[in-house]
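Survey of secondary and tertiary structure
What follows is each chain in one-letter form.
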Amino acid sequence: MADLIETVKKIVQGVLNESSPCNVLFGTVTSANPLEITVEQKLKLTKEFLILTKNVVNYTTTATIEWNTNKVNQNVNHNHSISGNINVDSSISPNDNNAKITNKVTSALETEQYTKDLGHMHSIAGTKSITINNALKQNDKVILLQQAGGQKYIVLDKVYNS
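So, here's what we can say about the structure. Just so you know, these numbers come straight off a predicted model, no measurement behind them.

Helix and strand counts for the protein stand at one helix and 10 strands. Looking at the protein as a whole, 11% of its 162 residues are labelled buried. Pairs at least 24 apart in sequence give 67% of the contacts found in the protein among residues at least 6 apart. For the protein, the accessible area works out to roughly 13,100 Å², and carbon and sulfur atoms hold 52% of it.

Right, let's talk about the pairing of strand 1 (residues 22-32) for a bit. Alignment of strand 1 against strand 9 (residues 141-147), held across seven bridges, turns out to be antiparallel. Residue pairing across strands places Leu25 opposite Leu144, the latter belonging to strand 9. The sheet contact formed by strand 1 and strand 2 (residues 35-39) spans five bridges and is antiparallel. If you follow Ala32 over to strand 2, its bridge partner there is Leu35. Two successive antiparallel strands, strand 1 and strand 2, enclose a turn made up of two residues.

Oppositely charged side chains may form a pair once their charged atoms are brought near each other. Evaluated as defined, the whole model comprises one salt bridge. Here Asp140 and Lys158 are joined by a salt bridge, their closest N and O atoms 3.6 Å apart. Taken together, the residues span a long stretch of sequence, with Asp140 in the loop between strand 8 (123-132) and strand 9 and Lys158 in strand 10 (residues 153-158) at a distance of 18 residues. Here Lys158 falls in the partly exposed class, since its relative accessible area comes to 24%.

Since its relative accessible area comes to 17%, Asp140 is described here as buried. At 2.8 Å, the side chain of Asp140 forms a polar contact with the backbone nitrogen of Lys137. Beyond its immediate stretch of four places on either side in the chain, Asp140 contacts Gly27, Thr28, Val29, Ala135 and Lys158.

Of note, the bond from Asn33 into Pro34 is cis; its omega dihedral lies within 30 degrees of zero at 0°. You can see Pro34 is positioned in the loop between strand 1 and strand 2. Of note in the backbone geometry, Gln41 takes a positive phi value of approximately 60° without being a glycine. Relative to the helices and strands, Gln41 is located in the loop between strand 2 and strand 3 (43-46).

Procedures and definitions
- Residues numbered from 1 in each chain as written.
- Predicted model: local features only at pLDDT ≥ 70, side-chain atom pairs only at ≥ 80, totals over all residues.
- Heavy atoms only, no water.
- Helix = DSSP H or I, 4+ residues; strand = E, 2+ residues; numbered from the N terminus.
- Buried < 20%, exposed > 50% of the residue type's maximum accessible area, 1.4 Å probe, protein only.
- Contact = heavy atoms within 4.5 Å.
- Areas by Shrake-Rupley, 256 points an atom, 1.4 Å probe, with all protein chains shown as cover.
- Pairing = 2+ DSSP bridges.
- Salt bridge = Lys/Arg side-chain N within 4 Å of Asp/Glu carboxyl O.
- Polar contact = N/O pair within 3.5 Å; in protein donor to acceptor, adjacent residues only side chain to side chain.

Here it is in structure tokens:
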């Protein structure tokens, strides 16, 4: 009886393996140009055998955006002004021993510092064309699907390690 159960298990496993529509494989990009992906250190796949998805190529698309930039504070406080006047009064007072010159200097100067906030922000809105840079690079790890019984491999995505 145990032999019969094992035989049935093997038959079922064989049917499942044969009916599998695809295999999931992991590979490493060994060359970006020309594209070559190595699977399990022995199978080298070139572009003729690969179907690339948008997840692994550069492409251009449109995006609608609406946002405000952050305000940047930029204070200007380096400008100074001076206002006022200087008066010089001189007088000569002769006497018997020597002449005496008296100078009287008076001033009334004021300084002022000017401060101006140049901080500002921008609103950005509209539909713009942007390029998504997803192209495969050397040493990228990728997830592939092998078509059942076929020679084509779909490169689904890059493996992301945080």
